[in-house]
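# Geometric and topological summary
Spelled out, the chains give:
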Amino acid sequence: MIRLLSIVVFVCLSFAVVKAQDSLQIHLQGIQERTDQAAAIRNNLYKSPALRPFQYKQSMTPVDISYISENKERYNYQLGSGDKGIKIATDSYMKDAFPNMTLWGNAKYENVKVQNLKFNETSDFELVFPYVIADSVGGNLNMETYQFSGGIAKEYGDWVFAGEAGYKANLSHRKIDPRPNNNSSDIYANLGLGYSITSNSVLSVNFGARSYKQRNTLAFVAEIGRPSIYHFNGLASYNALLSGSSESSGANLYAVNGFNAKFSLAPKNQNGLFAEAAIVQNTGERTLPLSSASANNWTDQIISGKLGYFNEIADLRYGALATIDLQTRKGSEGLFNNDGANTGGYTKISEISSYRYYNFNYNLEAYFGKKDWSIKPYANYSQLKEQYINPFREQVADIVKVGVQGQYLFELNEGLFGISLNLQKQKVIDKKSTFNISQGIALADLLNHNYAYLTSEPFQIAAEARYDFVLSKQIKPFVKAHAQTSTEIKQKYYSLSLGLMF
């Protein structure tokens, strides 16, 4: 990690010599808006469509290609030990592209290999868990992701009318047994309305909807040595009637529909009081090839809030932001009968509510600094509880993370060079687990391994170096290197990005 960063720093510094100035050159201000960690905190609060006209002061379109590599020795089996591959992305922002009109859009392509995945042959785990199809063999999974989105905001006097829409597709497969073939699509749209209640404050409301679908199949070529397939219902539980066979003809179908609402108060110039309240509600359904009736239904609700204050006096900038995210996921499973009379598959005879998942997060961060440096201390407290009813299984963890991140920006001859360092420590203050499962079997290993990862206490060090230089008024290339390592879970991560802004 140190060697990689040293090489990048040396290459960056070879482009130019240090040139001390009291303030940034005009053509570098747009770059700083997107790289300064203090500005990034505030910029991230302007994601509602009606607030986008106030997100940046400078129009800019960054395009970059990145190579990433990550590996962890201790990890969640169902998420893999890390990704390796390339990512290509662009994120355009055009302020006053037309009179009083702001346009934005982004596109992303990812081609990565998810390494050492086990007990999960279903894509988009975070959206559909715990209802995944699983086996004990797994392996590396090749995954391609395509994502496009765009939006527009128009200011009419004190009003802002805005909207945005996006599409994301995921294709995943493996060329050796077990051979999943997954296709998913995710479409969303948001409409926003803003009103200037003062000369520097905007009150906005945003409403959105999404529609997600996935077709998930699993096949084998080898006639012998096939593992058992499980249709999980939560914490490695499964329906014995529907699982246990290595034969799985047909597709598992997932459908998730949702809505969101958000109310925000934000300053136009990014200095002042910020407040936000939001709710996201999703309902999901899984249908197995063994029956036309739904095997699982779930609801996922996230209630969140933000409160912050930001200010700038002379050349000193400071601010603080508190956030809260309360996620509750509740799921049910169908009970089926196979009496041989129904040639179309198993008959659903009942349904029970069997799964609960709670993930509450409380976060506090502050920052202070000047144009060329900033320090951001932060703390996070999370409460996680996951339960399955019968047999009763539970895992609970209360976790605290504390850290500090510092950044320094050097203005060079026609360029901007930045370095940052992030130190974080995780501490488990309470934990317990009850799995009620025979030890020595694969499913017990899954639960114990994932619980050990959940309750680990790593110390994390992350460092980043970035150099932006100006070839012309329109073209500003950059190179960025990021490296991260964590104790206990023995994580090693690095990425290298090349791109340009115009």
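Cut-offs applied
- Residues numbered from 1 in each chain as written.
- Predicted model: local features only at pLDDT ≥ 70, side-chain atom pairs only at ≥ 80, totals over all residues.
- Heavy atoms only, no water.
- Helix = DSSP H or I, 4+ residues; strand = E, 2+ residues; numbered from the N terminus.
- Rg over C-alpha atoms; globule rule 2.2 N^0.38 Å.
- Buried < 20%, exposed > 50% of the residue type's maximum accessible area, 1.4 Å probe, protein only.
- Contact = heavy atoms within 4.5 Å.
- Areas by Shrake-Rupley, 256 points an atom, 1.4 Å probe, with all protein chains shown as cover.
- Lys, Arg positive; Asp, Glu negative; His and termini not counted.
- Charge placed at Lys NZ, Arg CZ, Asp CG, Glu CD.
- Pairing = 2+ DSSP bridges.
- Core = buried A, V, L, I, M, F, W, Y, C linked by side-chain atoms within 4.5 Å.
- pLDDT = per-residue confidence, 0-100.
- Phe/Tyr/Trp six-rings, centres within 6.5 Å; stacked < 30°, edge-to-face > 60°.
- Lys NZ or Arg CZ within 6 Å of the ring centre and 35° of its normal.
- Patch = residues over 30% accessible without salt bridge, like charges linked within 9 Å, V, L, I, M, F, W, Y side chains within 5 Å.
- Salt bridge = Lys/Arg side-chain N within 4 Å of Asp/Glu carboxyl O.
- Expected span 1.5 Å × (residues − 1).

### Looking at the overall build of the chain
Summing up its helical and strand segments, the chain has five helices and 21 strands in all. In terms of C-alpha radius of gyration, the chain reaches 25 Å, essentially the compact-globule figure of 23 Å for 502 residues. For the chain, the spread of C-alpha atoms along the principal axes amounts to about 80 × 55 × 40 Å. Expressed as a percentage of its 502 residues, the buried residues of the chain come to 49%. Taking contacts inside the chain between residues at least 6 apart in sequence as the whole, the part at least 24 apart equals 66%. Summing over all exposed atoms, the chain offers an accessible surface of approximately 23000 Å²; the carbon and sulfur share of this is 58%. When the 49 positive and 44 negative side-chain charges of the chain are each reduced to one mean point, those points stand 2 Å apart.

### Topic: the side chain of Lys376
Within the secondary structure, Lys376 is located in strand β16 (residues 373-388). Non-local contacts of Lys376, meaning those with residues more than four positions away in its chain, are made with Gln37, Ile41, Glu365, Ala366, Tyr367, Gly403, Val404 and Gln405.

### Things to note about the sheet that holds strand β9 (residues 230-234)
Across the sheet, three strands lie side by side as β4-β9-β10; this open sheet has antiparallel pairing. Because the sheet does not close on itself, it has two edges, and the strands there are β4 (133-134) and β10 (237-238).

### A word on the nonpolar core
Membership of the largest hydrophobic core comes to 33 residues, with the highest contact counts inside it found for Phe119, Val128, Phe232 and Leu443. Looking at this core, the elements with two or more residues in it are α4 (125-128), β9, β11 (252-267), β15 (347-369), β16, β17 (393-412) and α5 (442-454). Apart from the residues lying within four places of it in its own chain, the contact partners of Phe119 are Tyr77, Gln78, Val132, Ala134, Asp135, Ser136, Phe232, Ala442, Leu443 and Leu446. Phe54, Trp104, Phe310 and Tyr367 belong to the second-largest nonpolar core, a separate cluster that totals 19 residues.

### Things to note about the confidence of the model for the chain
Atom-level detail of predicted coordinates should not be read off regions where pLDDT is low. Across the chain, pLDDT averages 90, with 92% of residues at or above 70. Counted against residues more than four places away or in other chains, residues 1-24, with its pLDDT under 50, gives 36 contacts.

### Description of unusual backbone geometry
The residue after Asp177, namely Pro178, is reached through a cis peptide bond having omega -10°. Look at Glu488: it is not a glycine, yet its phi comes out positive at around 65°.

### A look at the packing of aromatic side chains
With the rule as written, the count across this model stands at 25 aromatic pairs. Measuring from ring centre to ring centre gives 6.4 Å for Tyr67 and Tyr494, while their planes differ by 50°; the resulting arrangement is tilted. Separated by 427 residues along the polypeptide, Tyr67 in strand β1 (residues 62-72) and Tyr494 in strand β21 (residues 491-501) bring together distant segments of the chain. Look at Tyr67 and you get partly exposed, because its relative accessible area is 34%. Centre to centre, the rings of Phe368 and Trp373 are 6.2 Å apart; their planes meet at 85°, and the pair counts as edge-to-face. For Phe368, a relative accessible area of 38% puts it in the partly exposed group. Taking the relative accessible area as the measure of exposure, Trp373 reaches 27% and is therefore partly exposed. Taken together, the ring pairs connect Tyr408, Phe410, Phe417, Tyr467 and Phe469 into an aromatic cluster. For Lys154, the ring lying beneath its charged end belongs to Tyr156, and the centroid distance is 5.4 Å. In this structure, Arg329 packs its charged tip against the face of Phe129, placed 4.0 Å from the ring centre.

### Things to note about the pairing of β11
Residues in a regular strand point their side chains to alternate faces of the sheet. Here 16 bridges tie strand β8 (residues 201-219) to β11, and the two strands are oriented antiparallel to one another. Looking at the pairing, Gly208 lines up with Asn260 of β11. If you look at the hairpin formed by β11 and strand β12 (residues 272-287), you'll find four residues sitting between the two strands, and Gln270 has a positive phi there, around 75°.

### Comments concerning the pairing of strand β5 (residues 139-156)
Pairing between strand β3 (residues 101-117) and β5: 15 bridges, direction antiparallel. Its bridge partner lying in β5, Leu103 is registered against Ile152. In the sheet, β5 pairs with strand β6 (residues 159-173) via 15 bridges, with the strands oriented antiparallel. The partner of Gly151 across the bridge, within β6, is Glu164. Where β5 hands over to β6, the hairpin turn is made up of two residues, of which Gly157 adopts a positive phi near 60°.

### Some points on a nonpolar patch on the surface
A contiguous nonpolar surface patch, about 660 Å² in accessible area, is contributed by Tyr156, Trp159, Phe161, Leu193, Tyr195, Ile197 and Leu203. For the nonpolar patch, the secondary structure elements donating two or more residues are β6 and β7 (179-198). Ranked by residues supplied to the nonpolar patch, first place goes to β7 with three residues. Mapped onto the secondary structure, Ile197 falls in strand β7. Judged by relative accessible area, Ile197 falls into the partly exposed class, the value being 45%.

### A word on the environment of Ile86
Within the secondary structure, Ile86 sits in strand β2 (residues 82-98). The class for Ile86 is partly exposed, based on a relative accessible area of 33%. For the pair Ile86 and Tyr109, spaced 23 residues apart in the sequence, the C-alpha separation amounts to 8.4 Å. Ignoring sequence-local partners within four residues, the contact set of Ile86 consists of Ser66, Tyr67, Tyr109, Glu110, Asn111 and Val112.

### A word on the pattern of salt bridges
For side chains of opposite charge, pairing can occur when their charged atoms come near one another. As enumerated under the stated definition, the model contains 17 salt bridges in all. For the salt bridge of Asp36 with Arg317, the shortest nitrogen-to-oxygen distance reads 2.7 Å. Here Asp36, found in the loop between α2 (26-35) and α3 (37-43), pairs with Arg317, found in strand β14 (residues 316-337); they are 281 residues apart in sequence, far enough to count as distant. Taking the shortest distance from any N to any O, the salt bridge between Glu365 and Lys376 comes out at 3.7 Å.

### Brief notes about α5
Taking 1.5 Å as the rise per residue, α5 with 13 residues should run 18 Å; its terminal C-alpha atoms sit 18 Å apart, in good agreement. Listed as buried for α5 are Leu443, Ala444, Leu446, Leu447, His449, Asn450, Tyr451 and Leu454. Each element contacted by the buried residues of α5 is listed here: β9, β10, β16, β17 and β18 (415-434).

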